[in-house]
Amino acid sequence: MKQTLRYVTGIILLTVTGLFLPGSGWSRALGTEDLKKIQCAQDKMRILAGFFNVDVKESEKTYTLTDLCGAAADKPVTMPDWFAEELARMDKNKVVFVKTDNQTYSEVDLWRQAFSNVYLYLDRAAQSLEPNRPIVLEQLSRGYVGNRLNLMATLDRLNKDLLRGQQLVVMKDSMGGRARSMLSTLELINNEFFSTIESFSSPVSQRDDKYRQSVMAVVVLANHLYAQFMGSPIPATPPDPKTYQTTQADRLYILTLIIIGSVFAGMFVFFLINSKRDSIGRMLEDYRAKSAVWAEDFNRQFVTIDIKYIVFGTIAIFMGFGFLSGWVIGGFFGVFVFLFFLMVGGIISIRVPSALLESLKRSRGVKVNKQLMDALILLSNSLRSGMDIVQGFEMVAKDLLPPISDEFGLVVKNYQLGTPFEQALDGMVNRVDSRMLSYIVKAIIIQRQVGGNLPVIFARLVENIREESKLEEKLQALTAQQRIQSIVVSVMPFIMMAVMFLFQPTQMINFYTSSIGMIIFLFCVIWIFIGMHVLRKLGDIKV
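Residues numbered from 1 in each chain as written. Predicted model: local features only at pLDDT ≥ 70, side-chain atom pairs only at ≥ 80, totals over all residues. Heavy atoms only, no water.

### Description of the overall build of the protein
Test applied: By definition, any uninterrupted DSSP run of H or I lasting at least four residues is a helix, any uninterrupted run of E lasting at least two residues is a strand, and each is numbered from the N terminus. Note on exposure labels: buried denotes an accessible area under 20% of the residue type's maximum, exposed denotes more than 50%, and partly exposed covers the range between, all computed with a 1.4 Å probe on protein chains only. Contact criterion: two residues are considered in contact whenever any of their non-hydrogen atoms come within 4.5 Å of each other. Only the protein chains shown count as cover for residues, and the accessible areas themselves come from Shrake-Rupley with a 1.4 Å probe.
Scanning the protein from terminus to terminus reveals 19 helices and six strands. Counting across all 543 residues of the protein, residues that qualify as buried make up 34%. Considering only contacts within the protein whose residues lie at least 6 apart along the sequence, 68% involve residues at least 24 apart. A total accessible area of about 33100 Å² is found for the protein, and carbon and sulfur atoms account for 62% of it.

### Here's the deal with the nonpolar core
Test applied: In this description, a nonpolar core means a group of buried Ala, Val, Leu, Ile, Met, Phe, Trp, Tyr and Cys residues linked to one another through side-chain atoms lying within 4.5 Å.
Counting 62 residues, the largest nonpolar core has Phe51, Phe52, Trp111 and Leu122 as its most contacted members. Ignoring sequence-local partners within four residues, the contact set of Leu122 consists of Ile38, Ala41, Gln42, Met45, Val218, Val219 and Ala222. Ranked by size, the runner-up nonpolar core spans 33 residues in total, among them Ile389, Phe408, Val412 and Phe421.

### Structural notes on the packing of helix 17 (residues 480–503) against helix 18 (residues 505–512)
Rule in force here: A fitted line through C-alpha atoms represents every axis, and for helices the fit uses only the stretch in contact; the resulting angles, taken between N-to-C directions, go from 0 to 180 degrees. The cut-offs work like this: below 35 degrees is roughly parallel, past 145 is roughly antiparallel, 65 to 115 is roughly perpendicular, and the gaps in between are oblique. Gly falls in the polar group here, along with every residue not listed as nonpolar (Ala, Val, Leu, Ile, Met, Phe, Trp, Tyr, Cys, Pro) or charged (Asp, Glu, Lys, Arg).
Two numbers describe how helix 17 lies on helix 18: the axes approach to 5 Å, and their chain directions differ by 125°. When the axes of helix 17 and helix 18 are compared, the pair comes out oblique. Contact with helix 17, carried on its side by Met497, Met500, Phe501, Leu502 and Phe503, involves Pro505, Met508, Ile509 and Tyr512 of helix 18 and no other residues of that element. Tallied by class, the residues present in the contact of helix 17 with helix 18 amount to nine nonpolar, no polar and no charged.

### Observations concerning a nonpolar patch on the surface
Applicable threshold: Residues enter a patch when their relative accessible area is above 30% and they make no salt bridge; the linking distance is 9 Å between like charges and 5 Å between nonpolar side chains (Val, Leu, Ile, Met, Phe, Trp, Tyr). By salt bridge we mean one thing: a side-chain nitrogen of Lys or Arg within 4 Å of a carboxyl oxygen of Asp or Glu.
The grouping of Ile484, Ile487, Val488, Val491, Met492, Ile495, Met496, Val499, Leu502 and Phe503 at the surface amounts to a nonpolar patch, some 950 Å² of accessible area in total. For Ile487, the position within the fold is in helix 17.

### Points about the packing of aromatic side chains
The following threshold applies: Note on aromatic pairs: the rings of Phe, Tyr and Trp (six-membered ring only in Trp) are paired at centre separations within 6.5 Å, and the planes decide the class, stacked below 30 degrees, edge-to-face beyond 60, tilted for the rest. Note on criteria: charge over ring means Lys NZ or Arg CZ within 6 Å of the ring centre, with the direction from the centre no more than 35 degrees off the ring normal.
This model, assessed by the stated rule, comprises 21 aromatic pairs. Centroid distance Trp82 to Phe229: 5.5 Å. Interplanar angle 55°. Geometry classified as tilted. Here Trp82, found in the loop between strand 2 (76–78) and helix 3 (83–92), pairs with Phe229, found in helix 7 (residues 204–230); they are 147 residues apart in sequence, far enough to count as distant. A relative accessible area of 29% places Trp82 in the partly exposed class. Ring geometry for Phe494 versus Phe521: centroids 6.4 Å apart, planes at 75°, classification edge-to-face. Of this pair, Phe494 sits in helix 17 while Phe521 sits in helix 19 (residues 515–538), and the two are 27 residues apart along the sequence. Among the aromatic residues, ring-to-ring pairing joins Phe51, Phe52, Tyr63, Trp82, Phe83, Trp111, Phe115 and Phe229 into one connected group. Against the face of Trp82 rests Arg178, its NZ or CZ located 3.8 Å from the ring centre.

### Let's talk about the pairing of strand 4 (residues 103–106)
The line we're drawing: By definition, two strands form a pair when at least two bridges between them are found by DSSP.
Summarising the sheet, strand 3 (residues 94–98) and strand 4 pair through four bridges and their orientation is antiparallel. Within the sheet, the bridge partner assigned to Val98 lies in strand 4 and is Gln103.

### A look at the pattern of salt bridges
In the structure shown here, the tally under the stated rule is two salt bridges. Where Glu86 meets Arg89, a salt bridge forms, and the shortest distance between an N and an O atom there is 2.7 Å. One end of the pair is Glu86 and the other is Arg89, both in helix 3 and three residues apart, which spans about a single turn.

### Some details on the side chain of Lys44
So the rule is basically this: When charges are tallied, Lys and Arg are placed among the positive residues and Asp and Glu among the negative ones, while His and the ends of the chain are skipped.
Residue position: Lys44 is located in helix 2 (residues 32–51). Nearest to the buried, unbridged Lys44 among oppositely charged side chains is Asp43, at 9.1 Å. The residues contacting Lys44, other than those within four sequence positions of it, are Leu65, Asn223 and Tyr226.

### Some words on unusual backbone geometry
With glycine set apart, most residues show a phi of negative sign, and most peptide bonds adopt trans. Between Pro402 and Pro403 the backbone carries a cis peptide bond, its omega angle lying at 15°. You can see Pro403 is positioned in the loop between helix 12 (389–399) and helix 13 (404–416).

### Some words on helix 12
Quick reminder: α-helices carry 3.6 residues per turn. Residues three or four places apart thus point the same way. The condition that has to hold: This arc describes the spread of directions from the helix axis toward the C-beta atoms.
Turning to helix 12, its buried residues are Ile389, Val390, Gly392, Phe393 and Val396. The arc that holds the buried residues of helix 12, viewed along the axis, is 160°, so those residues lie on one side.

### Structural notes on the environment of Leu376
The residue Leu376 is located in helix 11 (residues 331–384) in this model. Residues Leu376 and Phe393, 17 residues apart in the sequence, show an inter-C-alpha distance of 9.9 Å. Not counting the four nearest positions on each side in its chain, Leu376 is found in contact with Ile440, Phe458, Leu461, Val462 and Ile465.

### A few points about the packing of helix 4 (residues 107–127) against helix 6 (residues 178–199)
Put simply, the test is: Should the near helix be turned anticlockwise from the far one by less than a right angle, the crossing is left-handed, and should it be turned clockwise, the crossing is right-handed.
Two elements in contact, helix 4 and helix 6, have axes whose closest approach is 12 Å; the angle formed by their N-to-C orientations is 35°. Crossing hand, helix 4 versus helix 6: left-handed. Of the residues in helix 6, those in contact with Trp111, Ala114, Phe115, Asn117, Val118 and Tyr121 of helix 4 are Ala179, Met182, Leu183, Leu186, Ile189, Phe193 and Thr196. Its residues assigned to classes, the contact of helix 4 with helix 6 comprises 11 nonpolar, two polar and no charged.

Encoded structure:
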């Protein structure tokens, strides 16, 4: 079917070319030097076709290039030693049966037809230069169309893989691997055949130049085809690794350069740190002061942790990721990537303790808010039964669960140790990020100072907390879309990347292990987090 379509295309080209051919105005586009090159390439195609002639004995296959081929003209051209056995095998490989010719062609016949088509094309181009031969443009173009149709049919047959029984016959692997590159060259020659045909339908001012360019391109490709056959094939096996091994002197030289570079780099860092000694000392003192403050704040959240584990743990994570990235990228750019991640880790590590502390306070405040209603009811009942506020706090610390039991119990302990009750309540407000808890503390302080019915105040606060909880639940339902969008924005890119990894693992691994791939991945991750933050802010409504 494919061959039939190509023949129909050729006939259409022939018809269109004949319709658009001008009746006059042709000038002989090729010069004398071009004719020499054409005849030399033509002679090489003749020699290749002769090599593939099984009717001629191997001893008789000795040829000589014409004087037009320069330095190689006087040297005898003999059939390569490797080709004798290959020629016999290819001749036994019957490929296609042509009904019109009532003949079965072997692989040798197809290759010989291909070289003959190129030879006939070059012969037609050479004849168009003869001054005494009249040129009929329509006849010339029809001849070129015939050359192209014949070459297309031959290439179609050579590119087919045949299945004989359980054995797959791949003709592209013939001639010790040379067939693949030679078929590629023949495909390019076929394209130039088409360019030659197109040149006849070009404007008169461009026709001669296009005709010459296409013919000379076929000459160059024919010479290359000859060189591919006569030269060595591309090795099918990888080269010997010993070829690329370095000597001990090379390794010693490289090691010496690395040591010298490391010494200079170390000296530069030493002098840089020595010049910034005072600044580094002040930074260390500030860090120690901040560490003490952070440790105290974490203790207020009932969390005992060494701040240096957070700081140096963050630096270690970034250092490890930077080392892997730099190792994958390699070279100077890999070192730069490692230093970049190390610098980013050092900057972020200073801010991680405060961010972690704020997150703990926020999380603890949410948990306390959920227990405030039960605490207020218990305080109100204890006050109605005749207890004072301190005894009510003791009951909350004893009967409820952490974290509110811990906070109320700490207030009672501070009061028992001599701290004024109002000051102990202020300490609880500072520890817990809860707006409703601050309202309760203010109500207790005001009641102790000016008097009042505290159970009634607690009852109203319980009602307010209940209404606020309903309002927050309604807002959560209204802003659910923004939260889901933020999750989708953060998850979908990674899901799509995983799907692409499943379908194209090699391409994806090669891309994301390259320098540009890692930079793009990091850039996308940053913008994904920015998008998540923006969408969350859109749904963040404070009551």
